[in-house]
Every structure is written in structure tokens, then in C-alpha cells.
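A look at the structure
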Amino acid sequence: MALIDFIQKSRSQLELIKDISILPNINSKKVKKAIKSYVPGRNIGSEQVLLQVDNTFFPRSGKQGMILTSEMLYSFSNISGKYSTRLTKIESVSPQVRKAMGNSQLGIVVNGENFLSLPGMTEDSHLIRDFIEWEGFLVGEDLTPAIVYFSIFLHKSLGCELTLEKEPDPGPPPWYGN
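The rules behind each value
- Residues numbered from 1 in each chain as written.
- Predicted model: local features only at pLDDT ≥ 70, side-chain atom pairs only at ≥ 80, totals over all residues.
- Heavy atoms only, no water.
- Buried < 20%, exposed > 50% of the residue type's maximum accessible area, 1.4 Å probe, protein only.
- Helix = DSSP H or I, 4+ residues; strand = E, 2+ residues; numbered from the N terminus.
- Arc of directions from axis to C-beta.
- Contact = heavy atoms within 4.5 Å.
- Polar contact = N/O pair within 3.5 Å; in protein donor to acceptor, adjacent residues only side chain to side chain.
- Pairing = 2+ DSSP bridges.
- Axes fitted to C-alpha atoms, helices over the stretch in contact; angles between N-to-C directions.
- Salt bridge = Lys/Arg side-chain N within 4 Å of Asp/Glu carboxyl O.
- Core = buried A, V, L, I, M, F, W, Y, C linked by side-chain atoms within 4.5 Å.

**Things to note about helix α3 (residues 28-38)**
Among the residues of α3, Val-31, Ala-34, Ile-35 and Tyr-38 are the ones counted as buried. Across the axial projection of α3, the buried residues extend over an arc of 105°, all falling on one side. Residues of α3 that are exposed and point over 90 degrees away from its buried face: Lys-29, Lys-32 and Lys-36. Lining the buried residues of α3 we find β2 (51-54), β3 (65-68), β4 (72-77) and β5 (81-86). The N-cap residue of α3 is Asn-27: its side-chain oxygen and the backbone nitrogen of Lys-29 are 2.9 Å apart.

**Some points on unusual backbone geometry**
Cis geometry is found at the peptide bond from Leu-23 to Pro-24, where omega equals 10°. Along the chain, Pro-24 turns up in the loop between β1 (20-22) and α3. The phi dihedral of Met-101 falls on the positive side, at around 55°, and the residue is not glycine. By the element assignment, Met-101 lies in the loop between β6 (92-100) and β7 (103-110). Residue classification places Met-101 among the exposed residues on the basis of a relative accessible area of 70%.

**Re the sheet that holds β1**
As summarised here, the arrangement of the five strands in space is β1-β2-β3-β4-β5, forming an open sheet in which the pairing is antiparallel. Each edge of the open sheet is held by one strand with a lone partner, namely β1 and β5. Each adjacent strand pair in this sheet contributes to an overall mean axis angle of 10°, direction not counted. In this structure, β1 lies alongside β2, joined through three bridges in antiparallel fashion. Residue pairing for β2: Ile-20 is matched across the bridge by Val-53.

**A short note on the pattern of salt bridges**
The final tally for this structure, using the stated rule, is eight salt bridges. In this structure, Arg-11 engages Glu-15 in a salt bridge whose closest nitrogen and oxygen atoms are separated by 2.6 Å. Judged by its relative accessible area of 16%, Arg-11 is buried. Given a relative accessible area of 43%, Glu-15 falls into the partly exposed group.

**Quick notes on the sheet that holds strand β9 (residues 161-162)**
Strands pair in a sheet through their backbones, by hydrogen bonds, and they do so in one of two ways: parallel or antiparallel. Across the sheet, four strands lie side by side as β8-β7-β6-β9; this open sheet has mixed pairing. Two strands in the sheet have a free side with no partner beyond their single neighbour: β8 (114-117) and β9.

**A few points about the nonpolar core**
Formed by 38 residues in total, the largest nonpolar core has its most connected members in Leu-14, Ile-20, Leu-51, Met-121, Phe-150 and Phe-153. Secondary structure elements with two or more residues in this core: α1 (3-9), β1, β2, β3, β7, α4 (126-134) and α5 (145-158). The leading source of residues in this core is α5, at eight residues. Beyond its immediate sequence surroundings of up to four residues, Met-121 is in contact with Ile-17, Asp-19, Ile-20, Val-53, Leu-106, Thr-144, Ala-146, Ile-147 and Phe-150. Among the nonpolar cores identified, the runner-up in size contains twelve residues, and Tyr-38, Val-49, Ile-67 and Tyr-74 belong to it.

Structure representation (C-alpha cells):
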């Protein structure tokens, strides 16, 4: 199944997470700012973005977060730095909590080494919890239903491994290039 089809199939669950916008409901100003902020060479058009996660708090500008196209994942936060990879290169995802400056940072570890900070994924909806349990997973005590669901979504849509075990402490940031 193509990624866009999987996104559409998962739309009702994904839209429960306030940081996520899905084509065609992606704010064009935010996605242009995201491309300018963290897409190397700015070599994609805003119409190629299928899903955007906006990590910015106020104003919600799109300058930090994640975008998915049919071929690529691009991500940036001040905590975890810039990251981009072809979707076909993603072998595993793992929702994790890391400590930065004394604060917990929700995120996803890609391929066991690249931490993508997604601090706004804090939703604790019973609908998301029910879906996670229906899929045969549990949320655990440190993670939120939103970050676990988004990890399950990536696992299923990209056909990669999902690891729910807590990782060993990676130490303080920066985690760029880890």
C-alpha cells in the first residue's frame, strides 16, 4: 500500500494528535517554513508533503517538526538537530523519552541511532489508547499514547521494525548524528 493510502486509512487516528496535519489540510505557510528550515537544498515543493508534525509552540510556525513525502522523512528540532532519510532506509522505529536540560523529551529513535524530538505528542485520548490496545500494544508509563500510536503508524506504513523497550540512557544532548 502506498504511504498516501496508508495515511488516508489512518487519518481518523492521526488527526487526534494536535501536532499532525495531513494533506490536503496542511497549512501552506507552515509547510513552506518547514521546508526552508530543515529540508536540505529546499528541493521539494509543498505539494509533495503528505503529513506534517509541527513541533513549534508559539507561534505555531512549522519551523521545527517533521514532514513526510512519498519518499523521504525530514525532521528538525533544536534538541535533536536536522535529520533526513529515504523512507526505504528506515529499518526500525522506537518511541522513547530522553532528558534534555532537565526536561523529558518525547521522540522517536530511527534505526537505533537517530533521535527525532517530537515534544508536542502528549495526547492521552482514550480513542488512541483503545486503538493501541486493539493492535496488541501497551503504552507503558513514560510514553504517551500519541507517540506510541505515531510509532505504530510508521512501523505499519513503512514496514519497519517497532521496538517498544526502553533504551539505555544515551546521555545528554546534543544527539546530532547519534
